[in-house]
Amino acid sequence: MSRSLIGDYIDSFRNPGFWTYSTWLELVTKYRRSRLGLFWALCPAVIYMFGVGGFFGHLQGHEPGMFIPHLGIGYVVFRLITISLSECTTTLPGHSSFILDGRVRLTDYILRVVAKAMFYFVMALPAIVVALVISSTFRWEGLLIAIPCFFLVLLNIGWMGAIVAVLGARLQDVHELIGSILMFAFLFTPIIWFASQAPVGTVRGTIARINPLYHMVESVRAPLLGEPIANSTFLYLALMLLGGWLVASIVYRRYARFVPVWV
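Parameters at a glance
Residues numbered from 1 in each chain as written. Predicted model: local features only at pLDDT ≥ 70, side-chain atom pairs only at ≥ 80, totals over all residues. Heavy atoms only, no water. Helix = DSSP H or I, 4+ residues; strand = E, 2+ residues; numbered from the N terminus. Buried < 20%, exposed > 50% of the residue type's maximum accessible area, 1.4 Å probe, protein only. Core = buried A, V, L, I, M, F, W, Y, C linked by side-chain atoms within 4.5 Å. Contact = heavy atoms within 4.5 Å. Expected span 1.5 Å × (residues − 1). Bend = angle between axes of the 7 residues up to and from the residue. Phe/Tyr/Trp six-rings, centres within 6.5 Å; stacked < 30°, edge-to-face > 60°. Lys NZ or Arg CZ within 6 Å of the ring centre and 35° of its normal. Salt bridge = Lys/Arg side-chain N within 4 Å of Asp/Glu carboxyl O.

K.L.:
Sorry, what's going on with the environment of Ala 162 here?
P.N.:
On the secondary structure map, Ala 162 appears in helix 8 (residues 143–170). According to the relative accessible area criterion, Ala 162 is buried, its value standing at 2%. The sequence separation of Ala 162 and Leu 85 amounts to 77 residues, and the corresponding C-alpha distance is 9.0 Å.

Structure below.
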C-alpha cells in the first residue's frame, strides 16, 4: 500500500511519543555517562566559533566582532542541516527491528534524526548569543526575518531527509555519497568566507549560489547581522521548497512500501 509523505508527517506530529521519547532517551543515556554531561554538546560550537573563528578571522584580516558571529551562525545552521541529512541515510536500516515489527510510518525515524540535530542546535545557542553580543552589526529586528527563514530551512530539511532516508534504505553507499557531497558543499557555503567575496555575476559567485546550503544559511544569518538578503535567495528557497516536496512525495509514495523488504 502506498503512503503519503505529508500524511505521515502530520500523523507523526499528532503522535510524537515515539520519536520524541526515543530521542530524549538516547541523549540522556549518552551524556549521563560523562562527568561533564551536556557541556560536551556545547563544546564543539564554542571551539569552532571562538577558536577556529578567531584563527581564520585573524588570518584573513577580519575583525573578531565581525567574523566570529558570521562563522558561528553559519556553522550551527550548516551543522543542523548536515547532521540531519547524513544521519537520515542510515536511520531506516538502524530501526529495522521497529519497521519489521510493523511500525512503517517512516517519518517517525526521520523526525527522530531532526529532533536530535535540533538538540545540538539549541545547545549551541548560548555560544551564538555571546557571538552576537560582541557583534558590531547585530540587529534585533533581524529576528523577524531570521526566525521564519529558519522554519523554511526546517521544511526543506523535511523533504530532503525523506528522500535520502528512502535511498539510504535501498543503497548503503548513499551514506558515503551524501557525506562527501556535504563536505564538498562546505567549501561553497559562506561560513569561513563572506558572500561578498563571491559576487553575483562572477564564475565563483554563480557556482556558490547553485549550492542550496548557501541560500539556507544566508537566509537565517544575513538579517541577524544587518546584511540584505538577495531576492534570488527567497526565490531559490521557495522553488526548492515546492519542487522538493513534490519530488519527495512522489518518491515516498512510490518506494516507502518497499523499505521493510530493503532493511
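K.L.:
Help me out: how do you make sense of the nonpolar core in this one?
P.N.:
The tendency in soluble globular proteins is for nonpolar side chains to be buried as a group. Counting residues in each nonpolar core, the largest one holds 78 residues, and the members touching the most others are Met 49, Val 76, Val 77, Ile 81, Leu 92, Leu 106 and Met 216. Take this core: its biggest share by element is 14 residues, from helix 4 (residues 64–94). Apart from residues no more than four positions distant in its own chain, Leu 92 is found in contact with Ile 99, Leu 106, Tyr 109, Ala 165, Val 166, Ala 169, Val 259 and Val 263. Counting residues in hydrophobic clusters, the runner-up holds 5 residues, among them Trp 193, Ala 195, Ala 198 and Tyr 214.

K.L.:
How should I be thinking about helix 12 (residues 231–255) in this particular structure?
P.N.:
The α-helix advances 3.6 residues per turn, and as a result positions three or four apart in sequence lie on the same side. Between its first and last C-alpha atoms helix 12 spans 36 Å; for 25 residues at 1.5 Å apiece the expected length is 36 Å, and the two agree. Those residues of helix 12 hidden inside the fold are in contact with helix 1 (5–14), helix 6 (107–123), helix 8 and helix 11 (212–224).

K.L.:
Please clarify how helix 3 (residues 39–60) should be interpreted in this entry.
P.N.:
Its 22 residues place the ends of helix 3 30 Å apart at the C-alpha level, agreeing with the 32 Å of an ideal helix rising 1.5 Å per residue. Considering bend angle alone, the principal kink of helix 3 is centred on Gly 53 and spans about 30°. Among the residues making up helix 3, those that are buried are Ala 41, Leu 42, Cys 43, Ala 45, Tyr 48, Met 49, Gly 53 and Gly 57. Looking at the buried positions of helix 3, the neighbouring elements they touch are helix 2 (17–32), helix 4, helix 6, helix 7 (125–133) and helix 9 (173–187). Gly 61, located one to two residues past helix 3, shows a positive phi value of around 80°.

K.L.:
In this structure, what is going on with the packing of aromatic side chains? I would like to understand it.
P.N.:
The description of two aromatic rings rests on the distance between their centres and on the angle between their planes. Tallied over the entire structure, the rule returns 18 aromatic pairs. For the ring pair Tyr 9 and Trp 245, a centre distance of 5.6 Å and an interplane angle of 65° mean the geometry is edge-to-face. Of this pair, Tyr 9 sits in helix 1 while Trp 245 sits in helix 12, placing them 236 residues apart in sequence. Judged by relative accessible area, which is 7%, Tyr 9 ranks as buried. A ring pair is formed by Phe 150 and Phe 151, whose centres lie 6.2 Å apart and whose planes are at 70°; its orientation type is edge-to-face. Phe 150 sits in the buried class, given a relative accessible area of 11%. Taken together through their ring pairs, the aromatic side chains of Phe 18, Phe 98 and Tyr 109 make up a single cluster. Seen from the ring of Phe 18, Arg 103 lies directly overhead, with NZ or CZ sitting 4.2 Å from the centre.

K.L.:
Teacher, can you tell me more about the pattern of salt bridges here?
P.N.:
Charged atoms that come close allow side chains of opposite charge to pair. Going through the model one piece at a time under the given rule, you end up with 7 salt bridges. The salt bridge involving Glu 218 is made with Arg 221; its shortest N-O contact spans 2.5 Å. Placement of both Glu 218 and Arg 221 in helix 11 is noted, with a separation of 3 residues, approximately one turn of the helix. The same class applies to Glu 218 as to Arg 221, namely buried. Bridged by salt links that share partners, the residues Glu 26, Glu 87, Arg 112 and Lys 116 form one connected network.

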